[in-house]
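Each chain, letter by letter, is given below.
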Amino acid sequence: MMGSLESASKLALGQRAVVTIDDVAFGGEGVARVDDFVVFVPFVLPEEKVEVEVTEVKKRFARARLLKVLKASPHRVTAPCRYFGDCGGCQYQHIAYASQLELKHQQIAALLERVGGFAKAVIDPVIPCPQPYGYRNRIMIRSQWDKFKQGLNIGFIRADNRLVVDIEECLIAEPALNAQIQQVRAHPPPKGGLKVVLRIAPENWAVPKDSFFQNNFFLLPKLVEVVRERLQASGARFLIDAYCGVGFFSVELADLVESFAGIEVDQQAAKAARLNAAARQRGNGQFLVGRVEELLPEVLGRFQAQTTAIMLDPPRTGCPAATLELLRQARPRQILYVSCHPATLARDLNILCANTVFDLMKIVPLDMFPQTQHIECVADLRLNPAPGLSRGSH
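As the structure is a computational prediction, the values presented were derived from the model and not from experiment. (Residues numbered from 1 in each chain as written. Predicted model: local features only at pLDDT ≥ 70, side-chain atom pairs only at ≥ 80, totals over all residues. Heavy atoms only, no water.)

**Re the overall build of the protein**
- The helix and strand inventory of the protein stands at 9 helices and 17 strands.
- Against the compact-globule benchmark of 21 Å for 394 residues, the protein has a radius of gyration of 23 Å, which places it among compact chains.
- Sequence separation of at least 24 residues holds for 66% of the intrachain contacts in the protein that already meet a minimum separation of 6.
- Accessible area of the protein: about 18,100 Å², with a carbon and sulfur share of 52%.
- The positive charge centre, built from 46 side chains, and the negative charge centre, built from 41, are 3 Å apart in the protein. (Helix = DSSP H or I, 4+ residues; strand = E, 2+ residues; numbered from the N terminus. Rg over C-alpha atoms; globule rule 2.2 N^0.38 Å. Contact = heavy atoms within 4.5 Å. Areas by Shrake-Rupley, 256 points an atom, 1.4 Å probe, with all protein chains shown as cover. Lys, Arg positive; Asp, Glu negative; His and termini not counted. Charge placed at Lys NZ, Arg CZ, Asp CG, Glu CD.)

**A look at helix α4 (residues 220–234)**
- Taking 1.5 Å per residue as the helical rise, α4 with its 15 residues ought to reach 21 Å, and the 22 Å between its terminal C-alpha atoms agrees with that figure.
- When α4 is considered as a whole, its buried residues turn out to be Leu220, Leu223, Val224, Val226, Val227, Arg230, Leu231 and Ser234. Seen along its axis, α4 keeps its buried residues to an arc of 160 degrees; they face one direction. Looking at α4, the residues exposed on the side facing more than 90 degrees away from the buried face are Pro221 and Gln232.
- Looking at the buried residues of α4, the elements they touch are α5 (248–253), β14 (308–312), β15 (334–339), β16 (358–366) and β17 (376–383). (Expected span 1.5 Å × (residues − 1). Buried < 20%, exposed > 50% of the residue type's maximum accessible area, 1.4 Å probe, protein only. Arc of directions from axis to C-beta.)

**Digging into the sheet that holds strand β9 (residues 164–166)**
- Sheet architecture is open: 4 strands sit in the order β9-β8-β7-β10, paired in antiparallel fashion. The open sheet has two edge strands with one neighbour each: β9 and β10 (195–199). In this sheet, neighbouring strand axes are inclined to one another by 45 degrees on average, regardless of whether the strands run parallel or antiparallel.
- Each of β7 (138–146), β8 (151–157), β9 and β10 is contacted by helix α3 (residues 175–186), which is oriented at about 150 degrees to β10, the strand it contacts most. (Pairing = 2+ DSSP bridges. Axes fitted to C-alpha atoms, helices over the stretch in contact; angles between N-to-C directions.)

**Overview of the state of the cysteines**
- Applying the stated criterion to the full structure yields 0 disulfides.
- Among the cysteines around Cys129, which has no disulfide bond, Cys90 carries the closest sulfur, lying 13 Å off.
- Free of any disulfide, Cys170 has its nearest neighbouring cysteine sulfur in Cys90, separated by 6.2 Å. (Disulfide = S-S within 2.5 Å.)

**Quick look at the pattern of salt bridges**
- Counted according to the given criterion, the structure contains 28 salt bridges.
- We note a salt bridge from Asp22 to Arg33, for which the minimum N-O separation is 2.9 Å. A residue pair is termed long-range when its members are at least 10 positions apart, and Asp22 in the loop between β1 (16–20) and β2 (23–24) and Arg33 in strand β3 (residues 29–34) qualify at 11 residues.
- Notably, a salt bridge pairs Asp255 with Arg228, separated by 2.8 Å at the nearest N-O pair. Of this pair, Asp255 sits in the loop between α5 and β12 (259–264) while Arg228 sits in helix α4, placing them 27 residues apart in sequence.
- Bridged by salt links that share partners, the residues Glu29, Glu56, Lys58 and Arg63 form one connected network. (Salt bridge = Lys/Arg side-chain N within 4 Å of Asp/Glu carboxyl O.)

**Focus on the confidence of the model for the protein**
- Put simply, the protein has an average pLDDT of 93, and 95% of its residues get 70 or more.
- Below a pLDDT of 50 lies the segment residues 1–8, which in the model reaches 15 contacts outside its immediate sequence neighbourhood of four places, other chains included.
- In this model residues 390–394 is a low-confidence stretch, pLDDT under 50, and it forms 18 contacts with partners more than four residues away in sequence or in other chains. (pLDDT = per-residue confidence, 0-100.)

**A word on the packing of helix α7 (residues 292–300) against helix α8 (residues 321–330)**
- Between α7 and α8, the least distance of the axes is 10 Å, while the angle of their chain directions is 10 degrees. Between α7 and α8, the angle is such that the two are roughly parallel. On α8, the residues touching Val292, Glu293, Leu296, Pro297 and Leu300 of α7 are Thr323, Leu326, Leu327 and Ala330.
- A per-class count over the contact of α7 with α8 returns 7 nonpolar, 1 polar and 1 charged. (Parallel < 35°, antiparallel > 145°, perpendicular 65-115°, else oblique. Nonpolar A, V, L, I, M, F, W, Y, C, P; charged D, E, K, R; others polar.)

**Quick notes on the packing of aromatic side chains**
- In this structure the tally under the stated criterion is 9 aromatic pairs.
- Summarising the aromatic geometry, the rings of Trp205 and Phe248 are spaced 5.2 Å apart at their centres and angled 50 degrees between planes, so their arrangement reads as tilted. Of this pair, Trp205 sits in the loop between β10 and α4 while Phe248 sits in helix α5, placing them 43 residues apart in sequence. Across the pair, exposure class does not vary: Trp205 and Phe248 are buried alike.
- Ring centres of Phe213 and Phe248 lie 5.5 Å apart, and the angle between their planes is 75 degrees; this geometry places the pair in the edge-to-face category. Pair noted here: Phe213 is in the loop between β10 and α4 and Phe248 is in helix α5, with a separation of 35 residues, a long-range link. Like Phe248, Phe213 is buried.
- By way of ring pairs, the aromatic residues Trp205, Phe213, Phe217, Phe248 and Phe249 are connected into one cluster.
- The ring of Trp205 is capped by Arg280, whose NZ or CZ atom sits 3.9 Å from the centre of that ring. (Phe/Tyr/Trp six-rings, centres within 6.5 Å; stacked < 30°, edge-to-face > 60°. Lys NZ or Arg CZ within 6 Å of the ring centre and 35° of its normal.)

Structure representation (structure tokens):
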């Protein structure tokens, strides 16, 4: 239970305290208490005893930085990256990889239970990445003028503020991207405030420069396998791929259905989707350009709802409320929701499953982002043939 406002007055900026970590919340911060007042601490593990310094005090919580680990968790490891703790890109390099997977599973379960009352039993164990370092195929580095050293910092946003930490390498990036970092450093941007996107193009896929593609090639086959298995299990004969991007899921799933339709607002991405489908001889569908909210009603009218699956892979912000309400009214056979943000996923599942219109059958988490707070989830929802069943009862 969070402390009262009176408790907050006992904490002051710069104050030091020894605390025991109760939990690690979604987002990567450890949860401790000082006189029943919640204090968030990064780079810690449950049950650790640590010394901290208060850096921020709000009405309902405080934040502190880690000074010293007094009693370490058996799951603590030495972070291999020299920038860890300064760079804001990774939150979990201090945690053994198997423990990272367990922690993420617990966080997903807690979010889904709290936001939607979903049972933990529907959440599969997290599928590990076969390569926990050197996996990212896309990174964004920034330039910022450092008045103290009278030069540019080229790297990532710091963990504790909005300044840029100067980096020469990124251990979670593929080796080819680290070579690109060296090229950027050798030929730096002309001034601060610029962003440079470095990426490795996927083989045999047309992807425009600014279009989205999954950033972990090593776990991508497993993601496809999971989605294919869930689609096959539903028996759906038609597929609508909302937020289809360059057609990745449409193309990978087209052979399982009689017909498909992809919807994408980015005209260049939709053009690439048509190229990708043609290259793989997927001629049983089409790609439409426009906003999902505007095109989905018409596309839903093309297929019988009871034999149609909807694929949702929206941005991190999740689906607009109007789209979710439209799906509740249309009542397709299945909704496959792929999300990289469990909090917005939990919010949207709560809306879709309200009044048991849909039933959450299974969530399969995949660790597409090792060493970080992020996690990819595939949620399988089915039209509930018997309203009144409890959520996550299957």
